[in-house]
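One-letter residues, chain by chain:
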Amino acid sequence: MEKHEFKSESKKLLDLMINSIYTNKDIFLRELISNASDALDKLYYRSLTDDKISCNREDLCIKLDFDKDKRIITVSDNGIGMSKEELADNLGTIAKSGTLEFKDNMTNEEKLNVIGQFGVGFYSAFMVSDKITVESKSVDSKEAYVWESKGVEGYSIDKCKKEDNGTTITLRLKDNNEDYYYDKYLDQYEIKSLVKKYSDYISFPIKMEMVHSDLKDKDSKEYVEHREEETLNSMIPIWKKSKDEVTDADYENYYMDRFSDFDKPLKVITSSVEGVTSYKSLLYIPSHAPADYYQEGYEKGLALYSNGVLIMDKCADLVPDYFSFVKGVVDSEDLPLNISRETLQESRSLNLIAKNIESKIRRELEEMLKNDRDKYIEFFKTFGVQIKYGVYNNFGADKEKLKDLVMFYSSKEEKLITIEEYVKNMGTDQEKIYYASGSSIDKIDHMPLVDQVKEKGYDLLYLTEYVDEFCITAIQEFEGKKFQNIENGDLDLESEEEKEKTEKVNTKNKKLLEFMNEKLSDVSDVRFTNRLKKHPVSLTSKGDVSIEMQKVFDAMPNDLGIKADTVLEINEKHPIAKKLKALYKEDNKKELENYTKILYSEACMIADLPVENPTEISNLICDVISK
Ligand code: ADP
């Protein structure tokens, strides 16, 4: 017999399970049944694609049994089974992806969160049991093995005798205590009702021998027992049931079970389509990003069934990247059972379904935005980045479909608004949709040029996420109104008179400005301006690449060296302008150069750009202030 320790993270998770902070212990049965059902699905799928394996779907089933005296329950399946290695890999390690964050003294909520990230799974059996035995024979192996564990100490693996492929899991129930009556799972009606409640939709029969007692005969007072095997579940998948048979809670429970989420979904979307291609779908928008959503290994996709038979667990082609957070199930009778992954991609039916699903999700979101705005905002705060990414991805190929779903923070409304709402509220004199980019709303509020737009009475969109400006650049214009980054180029907010005045000042001080420009290799121009209200300086950009976009490029792993074409603007009304002019007049070039460098660094700091030579600049500042 081989003895093994659990991997350390599995051990901790197991410990959380055993000490059962999870109040609903009943779900262990649903988890074991769900694993058994997966094992049957896998075997059936293999038989369709692998000549060496044959099986009749009618023979596949899950069996439940219990023994009151021994206080054990068994869950068996005649599915794909597990080899020795699979027993060790699948049941010896639970923390498959990501890293678990264990802290000392975690609150219950934190513990639940940790478990939630991994789904409760097989280990949930430890909530009710103090010894678990798993006997399994893989279809690919002649030998059978038994895995056994009494909890955190570890597990053992040994050879065992088992005729047929499949898995039998035996749980020895914990002793009853004042907190919990574990013997309740030794009651046939209790088991039946748990199966009905949590596993009714499982597409294979869940069978159990029910004991009935009947009067011996009509006149007798004596009872006799007889045993009869019963199928406990209806086997009708939830998406195949008619809508009035299913409650919202049923749909939500199915989601939480199937997709291992502790939270209810934000939105349930059902559809039943009859036509050239017929299908039923049950889709969910989660209320928060799945635990592994931002990890590289995240796989989008929907479970694909052909008339109730699972043919693919995650069919990626069914949802576009911008809806990659959507979970759910699609079932169509028009897809052949033994379709391979390659031919599936070319299937006309599948493409049609994918197209329908994309527009269905989009319509539902549009409707949510219209009729249930708070919910939409909750959605957008979680998955908005994905939608904005969808707008600019593929060279903006999907922007027309998605642009109405995008929201940005509005300076006037002080909340998220759509571009359409912005345009609707524009006055007749306003030609452009103004926006500013920065790392936070507060930072943007302090940007030098924001005041000028606000003073004009115009609304301003605040772009605070890295995708935002790329998204807006892709949209280009909305109902004929162009977007304008307030720190990019001339905003055209000044009157002709004001402009002329500024031009005059710049021409008059041409030599001074040229001198300053020479001392700054990173800017293409230095100018006096009248559009700054209280700030002395500001860094703006010309051309297609804004300063915020440059930051995104800078942060990319393979720096392409794409830079914004920047201009240092100096407030003509600020005392510093006078000082600069005076220094130039006095021909104090050294001092003027120092001032130039300090001012440029200030502008960089305000724009959230790194100051390239901080030591030199801080020395210069000290020199100046100690005079
Ligand atoms: P999950 O089902 O979410 O992957 P579990 O902890 O419930 O996580 O199960 C771990 C793995 O053990 C499963 O992915 C599966 O490979 C294997 N497994 C569990 N139960 C069975 C079973 N009855 N038959 C075959 N394999 C099983």
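Values in this document were obtained by computation on a predicted structure and should not be read as measured data.

1. Concerning the overall build of the protein chain
Assigned secondary structure in the protein chain consists of 20 helices and 23 strands. Whereas a compact globule of 627 residues would reach a radius of gyration of roughly 25 Å, the protein chain reaches 33 Å, over 25% beyond that. Expressed as lengths along the three principal axes of its C-alpha atoms, the size of the protein chain is roughly 120 × 55 × 50 Å. The burial tally for the protein chain puts 50% of its 627 residues in the buried class. Looking at the protein chain alone, contacts between residues at least 24 apart form 68% of all its contacts between residues at least 6 apart. Split by element, the accessible area of the protein chain, about 32100 Å² in all, is 46% carbon and sulfur. Of the charged side chains in the protein chain, 92 are positive and 123 negative; the average position of the first set lies 2 Å away from that of the second.

2. Focus: the sheet that holds strand S3 (residues 72-77)
Spatial ordering of the open sheet is given by S1-S6-S5-S4-S7-S3-S2-S8-S9, a layout of nine strands whose pairing is mixed. The open sheet has two edge strands with one neighbour each: strand S1 (2-4) and strand S9 (223-231). Each strand of the sheet is rotated relative to its neighbour by a mean of 20°, with strand direction disregarded. Bridge count for strand S2 (residues 62-67) against strand S8 (residues 206-215) is three bridges, and the pairing is parallel. The residue bridging isoleucine 62 from the neighbouring strand is isoleucine 206, located in S8.

3. Observations regarding the packing of helix H8 (residues 348-371) against helix H9 (residues 373-396)
Helix-helix packing is characterised by the crossing angle of the two axes and by the distance between the axes. It is the contact of H8 with H9, at a shortest axis distance of 6 Å, that shows an interaxial angle of 125°. In terms of axis orientation, H8 runs oblique to H9. Residue-level inspection shows Leu365, Met368, Leu369 and Asn371 of H8 in contact with H9, the latter providing Arg373, Lys375, Tyr376 and Phe379. Partitioning the contact of H8 with H9 into residue classes produces five nonpolar, one polar and two charged.

4. Looking at the nonpolar core
Counting 72 residues, the largest nonpolar core has Leu304, Phe379 and Ile486 as its most contacted members. Element by element, the count of residues in this core is highest for H8, at eight residues. Split by domain, the residues of this core number at least three in each of domain 2 (238-376) and domain 3 (406-490). Core analysis: the second largest hydrophobic core is formed by 68 residues, Ile62, Met82, Ala88 and Leu310 among them.

5. Quick word on the pairing of strand S23 (residues 565-571)
The buried count for S23 comes to six of seven residues, which makes it a mostly enclosed element. In terms of strand pairing, strand S21 (residues 523-529) meets S23 through six bridges, oriented parallel. Bridging from a neighbouring strand, valine 523 pairs with threonine 566 of S23. As defined by bridge partners, strand S22 (residues 537-542) adjoins S23 across six bridges and the pair is classed as antiparallel. Bridge assignment links leucine 539 to a residue of S23, and that residue is leucine 568.

6. Thoughts on helix H14 (residues 468-475)
Along an α-helix, residues three or four apart share an orientation, since each turn contains 3.6 residues. For H14, a buried count of seven out of eight residues is recorded, marking the element as mostly surrounded by other parts of the structure. Of the residues one or two after H14, glutamine 476 is the one with positive phi, at around 65°.

7. A few points about the sheet that holds strand S13 (residues 309-315)
With mixed pairing, the five strands of this open sheet are ordered in space as S10-S11-S14-S12-S13. Of all strands in the sheet, those bounded by a partner on one side alone are strand S10 (267-273) and S13. For this sheet the average axis-to-axis angle between neighbouring strands, irrespective of direction, equals 15°. In this sheet, strand S14 (residues 327-332) lies alongside strand S11 (residues 279-285) in antiparallel orientation, the contact comprising six bridges. Following the sheet pairing, tyrosine 279 is matched in S14 by serine 332. Each of S10, S11, strand S12 (302-306), S13 and S14 touches H8; the most contacted strand, S10, lies at about 135° to it.

8. Description of the pattern of salt bridges
Taken as a whole, this structure holds 45 salt bridges when the rule is applied. Lysine 563 is the salt-bridge partner of aspartate 554, the closest N and O atoms lying 2.8 Å from each other. The exposure class assigned to lysine 563 is partly exposed, which follows from its relative accessible area of 46%. Through salt bridges with shared partners, one network takes in Arg46, Asp50, Lys52 and Asp140.

Here is what the cut-offs are and how they apply
- Residues numbered from 1 in each chain as written.
- Predicted model: local features only at pLDDT ≥ 70, side-chain atom pairs only at ≥ 80, totals over all residues.
- Heavy atoms only, no water.
- Helix = DSSP H or I, 4+ residues; strand = E, 2+ residues; numbered from the N terminus.
- Rg over C-alpha atoms; globule rule 2.2 N^0.38 Å.
- Buried < 20%, exposed > 50% of the residue type's maximum accessible area, 1.4 Å probe, protein only.
- Contact = heavy atoms within 4.5 Å.
- Areas by Shrake-Rupley, 256 points an atom, 1.4 Å probe, with all protein chains shown as cover.
- Lys, Arg positive; Asp, Glu negative; His and termini not counted.
- Charge placed at Lys NZ, Arg CZ, Asp CG, Glu CD.
- Pairing = 2+ DSSP bridges.
- Axes fitted to C-alpha atoms, helices over the stretch in contact; angles between N-to-C directions.
- Parallel < 35°, antiparallel > 145°, perpendicular 65-115°, else oblique.
- Nonpolar A, V, L, I, M, F, W, Y, C, P; charged D, E, K, R; others polar.
- Core = buried A, V, L, I, M, F, W, Y, C linked by side-chain atoms within 4.5 Å.
- Domains from an automatic or database assignment.
- Salt bridge = Lys/Arg side-chain N within 4 Å of Asp/Glu carboxyl O.

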